[in-house]
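Structure at a glance
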Amino acid sequence: MASQKLGLVFFPAFDWAISPAHPEREERLLYTRDQIVEEGLLDMPCIREYKPQIAQYKDLERVHIGVPDLSSLITDAHLVSAGGAIAAADAVMRREVDRAFALVRPPGHHAMRVVHGTRGFCTINIEAIMVEYLRKNYGIGKVAIVDTDVHHGDGTQDVFYHDPNTLFISFHQDGRTLYPGTGFTNEMGSPNAIGTTLNIPLPPGTTDAGLHEVLDHLILPVLNDFKPDIIINSAGQDNHYSDPLANMAITAQGYARLADKLKADIAVLEGGYSIENALPYVNVGIILAMARMDYSKVIEPDIATCPVQSSAVTRSISAIIKERQNMWATKEKLQQEAIAKAGDFWQRGRNIYYDDAGIDERQKEVVRLCPHCSGYVTIETEAYGMFGYKSAYIATIPNQACPTCQKAAYDAVYKAKKQGKQQLYFVQNKMEDRLEIL
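In what follows, the accompanying structure is described.

So, how was this worked out
- Here the residue numbers are simple positions, counted from 1 along each chain's written sequence.
- In view of the model being predicted, local features appear only for residues whose pLDDT reaches at least 70, and side-chain atom pairs are presented and counted only at 80 or more, with totals across whole chains, interfaces and linings using the full set of residues.
- Hydrogen atoms and water are omitted, and side-chain values are computed over all heavy atoms in the structure.
- Here a helix means four or more residues in a row that DSSP labels H or I, a strand means two or more in a row labelled E, and each is numbered from the N terminus.
- Only C-alpha atoms enter the radius of gyration, while the globule expectation follows 2.2 Å times N to the 0.38, with N the number of residues.
- We call two residues contacting when some pair of their heavy atoms lies within 4.5 Å.
- Computed by Shrake-Rupley with a 1.4 Å probe, the accessible areas treat only the displayed protein chains as cover when residues are assessed.
- Lys and Arg are tallied as positive, Asp and Glu as negative. Neither His nor the chain termini are counted.
- Note on charges: their place is set at NZ of Lys, CZ of Arg, CG of Asp or CD of Glu.
- At least two DSSP bridges between two strands are needed for those strands to be called paired.
- Angles run from 0 to 180 degrees between N-to-C directions of axes, and those axes are lines fitted to C-alpha atoms, restricted for helices to the stretch in contact.
- The cut-offs for exposure are 20% and 50% of the maximum accessible area for each residue type, with area from a 1.4 Å probe on protein chains only; residues under the lower value are buried, those over the upper are exposed, and the others partly exposed.

With that out of the way, let us pick up the overall build of the chain. What the chain contains, in helices and strands, is 11 helices and 16 strands. Relative to the compact-globule value of 22 Å for 438 residues, the chain shows a C-alpha radius of gyration of 21 Å, a close match. Expressed as lengths along the three principal axes of its C-alpha atoms, the size of the chain is roughly 65 × 45 × 40 Å. Long-range contacts, defined as pairs at least 24 residues apart, comprise 73% of the intrachain contacts of the chain with a sequence gap of at least 6. Summed over all atoms, the accessible surface of the chain reaches about 17,100 Å², with 52% contributed by carbon and sulfur. When the 43 positive and 54 negative side-chain charges of the chain are each reduced to one mean point, those points stand 7 Å apart.

Printed below as a string of C-alpha cells:
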C-alpha cells in the first residue's frame with residue numbers, strides 16, 4: 001500500500017467549554033495528540049501538520065445569519081475551529097497534501113443557518129463554512145458530505161436542504177432513541193433538491209458489520225452515482241461501543257476501514273466522548289487509513305467488551321438499505337411530484353430547541369420554486385430564552401439566482417420591514433458574497 005500525504009490540523013480549544021466537567025472538553029483532543037506523538041506519526045514523512053487559521057466573519061456569513069449578530073454568539077475559539085477546517089481545505093486544494101483531517105473543536109454539525117445560540121454543543125457549522133469557502137475560493141461545484149457522527153447532523157442538513165449540488169448523507173443512531181430526534185427517511189430535501197438529503201437511521205447495537213453493509217451497498221454506490229467534485233467526512237466518533245452518550249457498537253477498526261473505503265478528501269472532527277477508551281484509537285486508525293498506511297494493529301485494549309450485533313438489528317439494517325436504495329433510484333420522479341404538488345412556493349413551519357442555551361425558536365421557511373433558477377428562500381424566525389424575545393426576517397439568494405428571483409427576495413424583505421412585525425431584516429446575498437442588514 002503506497003502512502004499518501006496527509007495534512008493534520010489540531011486545535012483543542014483550551015479556553016472553550018460548555019462547563020468544566022462537560023464531555024465536550026479539550027481532553028477529547030489531548031489524549032489523541034498524546035497517542036499520535038507516542039506512535040511517532042508526526043515524524044512520518046507522509047504526514048504534515050498545519051496550524052489553524054482564524055476564520056473571518058465573512059466566511060461565517062456565507063452560511064449563517066446570527067440574531068442579533070454572530071459576534072455576540074461566538075468566541076474566538078469558534079473562529080479558530082472554522083479556520084482549522086479552512087486550513088485543511090487550503091492544504092488539499094493547493095495540492096500540498098492529498099487529504100487532510102482537521103481535529104478541531106468546538107464542533108459544528110448541529111448549527112443551522114439561523115443562529116440564536118448553542119445547540120448540541122454547536123454554534124457555527126464548521127463543515128458548512130468550509131464548503132462555502134471552497135466554493136467561493138476554488139470554484140468547487142458538487143460536494144458530498146458524509147456525516148458519520150452517531151447524532152443526526154441536523155444543522156448541516158438544514159444549511160443544504162435546498163441545494164441540489166450538495167449531497168448530504170448521514171448515518172446515525174435512530175432519532176427515536178437519541179438527540180436531536182431527527183434524521184428520518186422522509187427528510188429528503190425540499191422539492192428542487194429531493195434525494196440530496198439521504199438519512200440512514202440505524203438501530204442501537206449496530207456493529208462494524210452493519211455499518212459496512214450500509215457503506216458497501218448504499219453510501220458508496222450513491223456517491224459513485226452523484227459524482228461529487230469533493231468528499232467531506234463530518235467525522236463524529238461517538239458510534240464507538242464505549243461512547244457514554246450513545247448505544248452503538250463500532251470499533252476503531254470499523255472506523256478505519258470506513259475511512260479507507262470512503263476516501264474523503266477532507267475530514268473534520270465532530271463528536272466522540274469516550275475520551276480515553278476510544279478517541280486515541282479511532283483517530284489514529286482514521287489517520288493511518290487516510291494516509292494509506294497499515295492500520296490493522298490499531299485495536300482497543302478492551303475490544304472483548306464490544307457487543308455482538310443481534311439478528312433483529314441485522315434485519316432492520318437490511319430493510320433500511322433496501323428502502324433507501326429505492327428512494328435514490330426514484331428521486332427524479334419524487335422531485336417532479338413534489339414540485340407539482342407545491343406549485344410556485346414550498347413552505348414549512350417548525351420548532352427548534354437549543355438544548356445548551358434553553359432557547360425555543362419558531363421558524364417559517366418559504367422556498368420559491370423558480371423554473372429558471374434555484375429560486376430564493378425566506379425565513380421568519382422568533383426565539384424565546386434568557387434574553388427575552390428576538391425575531392428576524394431573512395431572505396437568502398443562492399448562487400445563480402435569476403434576476404427576477406434576486407429582485408423578489410429583496411422585495412420580500414422590504415415588504416416585511418414595512419409591516420414591521422420583526423426586529424431585524426437581513427438579505428444573505430450569495431451572488432454578491434455579502435450579508436446585508438436592511
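To continue, consider the sheet that holds strand E14 (residues 388-397). On the basis of which strands lie adjacent, the open sheet formed by six strands has the order E11-E12-E13-E14-E15-E16 and mixed pairing. Lying at the two open borders of the sheet, with one neighbouring strand each, are strand E11 (345-354) and strand E16 (434-437). Shown here is a sheet whose adjacent strand axes are inclined to one another by a mean of 15 degrees, direction ignored. Judged from the 10 bridges that link them, E11 and strand E12 (residues 359-368) form a sheet pairing that is antiparallel. Paired with Gln-347 across the two strands is Val-366, which belongs to E12. The sheet contacts of helix H11 (residues 403-419) involve E12, strand E13 (377-385), E14, strand E15 (424-429) and E16, and relative to E14 the element is tilted by about 160 degrees.

What follows is about the pairing of strand E6 (residues 143-147). Burial of E6 is extensive: five of the five residues sit out of reach of the surface. Along E6, one buried face is formed by Val-143, Ile-145 and Asp-147 and the opposite face, lined by Ala-144 and Val-146, is buried too. Here E6 pairs with strand E7 (residues 166-173) via five bridges, running parallel. By the bridge assignment for E7, Val-143 is matched with Thr-166. In terms of strand pairing, E6 meets strand E9 (residues 230-235) through five bridges, oriented parallel. Bridge pairing links Ile-145 to Ile-232 in E9.

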